[in-house]
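Observations on chain architecture
The lines below spell out each chain.
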Amino acid sequence: MKLKRYFRRSLLTFWAISLIVLTGLAVIFIQREKAAEVKRELNELQELALALTAEIRSFPQLDDRVLSELLFTQARLSRIRVTLIDAGGRVVFDSEKEAVSLESHRYRPEIYQALSGQIGSSSRYSDTLKKMMFYVAVPVRRETQITGACRLSRYLDLTAMSYRQFIGYVLSVFGLGLILSWILIYFLLKRLFRPLDEL
């Protein structure tokens, strides 16, 4: 009777250990993938923003109609929101809203960084679109002078699609690994306790 109790206690202990170990590994893999996905998104938006600024510099004015059409087309093709801001923080163009209806963006974190000559990025809730967004802004330069900022943004829902798929994959592997480890532990303990049981 005592032997059965020891067996059950040992089995539950080893099951708990395997659960903790596999859960820890799953969390580590998921966190690493999340960081990698954010970095990939940041790099993609940065590269696209830098490419757009090269186009923007070829136009004499930021509020050029042809430039607005070009940015609107790029926004639709890349499934992003494009916002063009002048050096004073005034929105000159936005692919989702009328520019005149938008307030000054000068002190938005990513815009402030871009107008200071750096590449800015942030993720936050958009009061305009009522969605969580991921933002990247780069300075628009003419020679040595910063004349504005080009900001690209994308819904975090779109950014997280591949991340969610990865989580589903990890959870499937986790569940399968847990079941197999519990079965293996059960039979190993059975084999270890068999001589004692016979005695």
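Now for a quick tour of the structure. (Residues numbered from 1 in each chain as written. Predicted model: local features only at pLDDT ≥ 70, side-chain atom pairs only at ≥ 80, totals over all residues. Heavy atoms only, no water.)

Notes on a positive patch on the surface
On the surface, Lys4, Arg5, Arg8, Arg9, Lys190, Arg191 and Arg194 cluster together to form a positively charged patch. Listed by contribution, the elements that provide at least two residues to the positive patch are α1 (2-56) and α5 (161-198). The leading source of residues in the positive patch is α1, at four residues. Structurally, arginine 194 can be placed in helix α5. (Patch = residues over 30% accessible without salt bridge, like charges linked within 9 Å, V, L, I, M, F, W, Y side chains within 5 Å. Areas by Shrake-Rupley, 256 points an atom, 1.4 Å probe, with all protein chains shown as cover. Salt bridge = Lys/Arg side-chain N within 4 Å of Asp/Glu carboxyl O. Lys, Arg positive; Asp, Glu negative; His and termini not counted. Charge placed at Lys NZ, Arg CZ, Asp CG, Glu CD. Helix = DSSP H or I, 4+ residues; strand = E, 2+ residues; numbered from the N terminus.)

Quick word on helix α2 (residues 65-78)
The terminal C-alpha atoms of α2 lie 20 Å apart, and with 14 residues this matches the ideal 20 Å at 1.5 Å per residue to within 8%. Of the positions making up α2, those classed as buried are Leu67, Ser68, Leu71, Ala75 and Ser78. Each buried residue of α2 sits inside an arc of 110 degrees when the element is viewed along its axis, so together they form one side. Of the residues in α2, the exposed ones pointing more than 90 degrees away from the buried face are Arg65 and Leu77. Capping the start of α2, aspartate 64 holds a side-chain oxygen 2.8 Å from the backbone nitrogen of valine 66, two or three residues further along. (Expected span 1.5 Å × (residues − 1). Buried < 20%, exposed > 50% of the residue type's maximum accessible area, 1.4 Å probe, protein only. Arc of directions from axis to C-beta. Polar contact = N/O pair within 3.5 Å; in protein donor to acceptor, adjacent residues only side chain to side chain.)

Re the pattern of salt bridges
The tally for this structure, following the rule as stated, stands at seven salt bridges. The partner of aspartate 86 in a salt bridge is arginine 90, with the nearest N and O atoms 3.1 Å apart. Relative accessible area serves as the criterion here: at 16%, aspartate 86 is assigned to the buried category. Notably, a salt bridge pairs glutamate 103 with arginine 108, separated by 2.8 Å at the nearest N-O pair.

Remarks on a nonpolar patch on the surface
A cluster of nonpolar side chains, namely Phe14, Ile17, Val21, Leu25, Ile28 and Phe29, defines an oily patch on the protein surface of about 550 Å² accessible area. Counting through the fold element by element, isoleucine 17 comes out in helix α1. A residue is classified by how much of its surface remains accessible, and isoleucine 17, at 44% relative accessible area, is partly exposed.

Focus: the nonpolar core
The nonpolar side chains of a soluble globular protein tend to be buried, and buried together. Residues Ile56, Leu71, Ile80, Val82, Leu84, Cys150 and Leu152 are the most contacted members of the largest nonpolar core, which totals 22 residues. Elements represented by at least two residues in this core include exactly α1, α2, β1 (81-86), β2 (91-94), β4 (131-142) and β5 (145-155). When residues of this core are assigned to their parent elements, the largest contribution, six residues, is made by α1. Formed by nine residues, the second largest nonpolar core is a distinct cluster that contains Val91, Ala99, Ala114 and Ala149. (Core = buried A, V, L, I, M, F, W, Y, C linked by side-chain atoms within 4.5 Å.)

By themselves, these figures tell us nothing about what the structure is for.
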